[in-house]
Amino acid sequence: MANYELKSFLCPSCGGQIDPERLGQAKEGNVIVCPYCGVSLNMKKTQDAHEIGYEYQQGVIKATEEYNEKKRREYVAAVRKQQMIAAEQERRRMAAAEARRKKFEKRSWVSAIIIYVILIGLAYVLAHESMAWTFSESLHLPKPWIVDVDGGILCHIAGFFLWGFVKIGVLLSLVSAFANLGEKTMVAMPWLYLWELFFMVVIFKSMNGCGLFEAFEILIKDLFG
């Protein structure tokens, strides 16, 4: 509790004594007026040890709260900064990974295209050699480049594989496609087989003077008839 006391019970100007009633009125403020000479008299507010300690403790608590709030704001700001840095690093990592993926995808497509182009050339060679080896002698057939009917054992082994691929190439193509499902080269074997059939039809047509569909029909009958 706050206590109030008058500096002097006597007016310092005229020496008149202040009555207790006016002292009681002074509790409502810090200034009273001398009834004799009209001089204003100041009241002094004093605090006891309990109030001083209470206010000190309250000041410590408030200062601690302000300090803790400041540290909390600094901590939150530091965490947000770290999160922003981590997010930026993750974004850059994802961008680099996407760039590598696109680069690899592009390279894989280029490699696949090159493989398919090479397979077209290989299909023409297989078609030529298959025509020279597989079909009957009653047809006009090209001269062999590699696999000679009158050659040695290696030529006969190669000719056997040529004949087998022409006969069961469809089945091998399907098996290969399912085995490489999802890969860019999954249709490599069907691609090779279809181009081989196409070149065989074209070669047969050019050498026997028949129509395209007629050549295809004769070859299919000779192969699977």
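Quick summary incoming for the structure in this document.

Basis of the calculations
- Residues numbered from 1 in each chain as written.
- Predicted model: local features only at pLDDT ≥ 70, side-chain atom pairs only at ≥ 80, totals over all residues.
- Heavy atoms only, no water.
- Helix = DSSP H or I, 4+ residues; strand = E, 2+ residues; numbered from the N terminus.
- Buried < 20%, exposed > 50% of the residue type's maximum accessible area, 1.4 Å probe, protein only.
- Lys, Arg positive; Asp, Glu negative; His and termini not counted.
- Salt bridge = Lys/Arg side-chain N within 4 Å of Asp/Glu carboxyl O.
- Contact = heavy atoms within 4.5 Å.
- Core = buried A, V, L, I, M, F, W, Y, C linked by side-chain atoms within 4.5 Å.

Further remarks concern the side chain of E196. Mapping E196 onto the fold places it in helix α4 (residues 188-208). Lacking a salt bridge, the buried E196 has K167 as its closest oppositely charged neighbour, with an N-O distance of 12 Å. Among residues more than four places away in sequence, those in contact with E196 are A123, L126, A127, S130, F165 and V166.

Ranked by size, the top nonpolar core spans 26 residues in total, and within it M131, L192, M200, F204 and L219 carry the most contacts. Mapped onto this core, the elements with two or more residues apiece are α2 (49-134), α3 (153-179), α4 and α5 (212-224). Residue contributions to this core peak at 9 residues, all from α4. Dropping the residues within four chain positions of it, F204 is found in contact with M131, L139, C210, A215, I218 and L219.

In this structure the tally under the stated criterion is 8 salt bridges. Note that E88 and R92 form a salt bridge whose closest N and O atoms lie 3.1 Å from each other. You can see E88 and its partner R92 sitting in helix α2, 4 residues apart, about one turn around the helix. A relative accessible area of 29% means that E88 is categorised as partly exposed. Among the residues examined, R92 registers a relative accessible area of 55% and is labelled exposed. Between E90 and R93 there is a salt bridge, with its nearest N and O atoms 2.7 Å apart. Of this pair, E90 and R93 both sit in helix α2, 3 residues apart, roughly one helical turn. A residue is classified by how much of its surface remains accessible, and E90, at 37% relative accessible area, is partly exposed. Overall, R93 belongs to the partly exposed group, its relative accessible area being 45%.

By themselves, these are just geometric observations and shouldn't be taken as functional.
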